[in-house]
Structures are given as C-alpha cells and as structure tokens.
Amino acid sequence: MTWSSREVVYFVAVAGCGSFTDAAIELGVSQAAVSRAIAATENRLGERLLRRTPHGCEPTALGLQLLPQARRILSELDVLDDIARTRRRRLRLGYAWAAVGRHTTPLLRSWPAEHPTIELQLVRHNSPTAGLAEGFCDVAVVRTPVNTSRFDTVVVGLERRLAAFATDDALWRRRRTLTMAEVGRRTLVVDPRVGTTTPALWTHDGTDPVPDLIETTDVDEWLDTIAAGRGVGSTAEATALHHPRSGITYRPITDGPSIPVHLAWWRHEPPIGLRELVDTLTSFYST
C-alpha cells in the first residue's frame, strides 16, 4: 500500500495526543477528518493502528511498531521544508578553481551588510559548471563555455592570463613576463574539464606546433604537477590569488588573451539575489 503524508501526520498526531479530539485541535482540522483518515488507513492495512479506550486511544502492537518509522518520516519531511525555506534565503555561489580571485574576500565581507536577507555561500565543485548542473549551487563562476540551451550566462569581468611554473625552473626563474609562444613550447599541464588552457590557443592559424600536454583532474593536482617541474601552466590570474603555493611562480603572459569571467545559472530558474550579485561583481571587476 501507499501512504500519503497526511495519513502519516494524522497517525502520529493521534498516537502522540492519545485522543482524536486533541489531535484534531493540534492539526487545525475536524475530528471527523482525522477519524476518516485513520479508518481509511486501517481498512487498507486490514489491521488496527489505534485501540479506542474510555479516555481516548492508544497504539496497537502494529501501531507501536510503525510509530517510530512514521515519526522518522515526518522528521525527514521537516528537513525538506528546511531546505526549501533556506534555499529562498541563501545564494550558493559555485566555483571550480578560484572563485573571483582578488574580489572573493571583498565580496564575502561586503555582502552581509549590503544584502542582510540573503546569505551568500561559496561552494567548490570541480565540474565544467562548477556544481550548477549537479545541483550543488544556484549560480556558478565559470571561465569556460557552458550549455546555453540550459543555462543563461553573463560576463562580469575579464582577467589576465598568467603562466605558472616551478620557482626553480632554469629557463624562466628570472623572467618577469612571458609570451604565448614561449609557453607553447613547453609541456603544458591542463585540466581538460574546467581549465582555460587548450591547444587551440596555439593552433588558431594552423602553423604553430601543438604543445605536449599533461592532463590533471583538479587544481591541487595541477599545482602539484607544476611544482614537481613536470610541466608549466597557463591560467587566469584568479588562480594565483586563490592558490598561492610554495614552489610555484606566476608571471603575466604579455600577449595572452584575456579570460572572461562568467556567472551562469539555470535558464528558467534565476536564483534570488542574482541581480545583486551580477551588479556587485561587475562593479568589482570594473575598478
């Protein structure tokens, strides 16, 4: 048989109150409605849940067996309600690698004062949509293209492209800047799922050689591989600010294309606080 949530609520209320009358008052419904619901449930079960007594009622053996499970179900339903209520007051901002770089701390510090009714929560998830497609966040910081049939996006700023290399790198350790051609001649460490570096950056005219690649799965593996001297990286400046690492040096790539910073959200479900977040980050990146 299939239980409805109303039947579970009525059963737990009557068992807890020990009276159909008191349960009806607690639930804000008529006693007849409670009695009909319990009777219908018992008829389907073919067995009594509640034994009538001169002073009210008490659970039968079956009722006592089912009561803890019924209370647990109601507790889980309360959790669902809490999630739904919290979601209306919370804006979860997902990111895969580096949030919004140097603007991350100012954003987190200024947001509560400027938007006290909406909690801003950072969520890190290493996927192409930074947890948006998976349901871990409401809006995501992305620096690579997303499926625009499912998601809406807006560019809130641009970031410089940097090179990352081992601090003791014999070729680059004294360099203050680098060029795309120099980076392309080295073995590149990339994250093919969420990284902003692909061979297409060096093969746009069909004449440049394709760099050798080492693929990694997240920012920590990327950093470890570069620090070990196995290759170099190219990344947004936010990575350097969000992930400073002993043994790794970041330097600007003078002719490297800027990296757009997008916010992405479900096309048909713009979250609460989205407009305020877009305005805030656009202002940060413009200064």
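Residues numbered from 1 in each chain as written. Predicted model: local features only at pLDDT ≥ 70, side-chain atom pairs only at ≥ 80, totals over all residues. Heavy atoms only, no water.

Q: How would you explain the sheet that holds strand 4 (residues 119-124) if you had to name every residue and give the values?
A: Read across the open sheet, the five strands follow the order 4-3-5-12-6; overall the sheet is mixed. The sheet is open, and its two borders are formed by strand 4 and strand 6 (151-159), each paired with just one other strand. In this sheet, adjacent strand axes meet at a mean angle of 25° when their direction is disregarded. Two elements, strand 3 (residues 90-95) and strand 4, share six bridges in a ladder whose sense is parallel. Along strand 4, the bridge assignment pairs leucine 93 with leucine 122. Sheet strands in contact with helix 9 (residues 274-286) are strand 3, strand 5 (139-142), strand 6 and strand 12 (259-266), and its direction is about 20° off that of strand 6. (Pairing = 2+ DSSP bridges. Helix = DSSP H or I, 4+ residues; strand = E, 2+ residues; numbered from the N terminus. Axes fitted to C-alpha atoms, helices over the stretch in contact; angles between N-to-C directions. Contact = heavy atoms within 4.5 Å.)

Q: Which residues make up the pattern of salt bridges, and what values go with them?
A: Per the counting criterion, the structure on display carries 14 salt bridges. Measuring nitrogen to oxygen at the nearest pair gives 2.9 Å for the salt bridge that ties arginine 143 to glutamate 159. Here arginine 143, found in the loop between strand 5 and strand 6, pairs with glutamate 159, found in strand 6; they are 16 residues apart in sequence, far enough to count as distant. Considered together, arginine 143 and glutamate 159 belong to a single accessibility category, that of buried residues. Of the charged contacts, one joins arginine 186 and aspartate 169 as a salt bridge, the two residues approaching to 2.6 Å between their closest N and O atoms. Here the residue arginine 186 occupies a position in the loop between helix 6 (180-184) and strand 8 (188-190), and aspartate 169 occupies one in the loop between strand 7 (161-166) and helix 6, the gap between them amounting to 17 residues. When salt bridges that share partners are traced, they join Arg124, Asp220, Asp224 and Arg245 into one network. (Salt bridge = Lys/Arg side-chain N within 4 Å of Asp/Glu carboxyl O. Buried < 20%, exposed > 50% of the residue type's maximum accessible area, 1.4 Å probe, protein only.)

Purely geometric numbers; function is a separate question.
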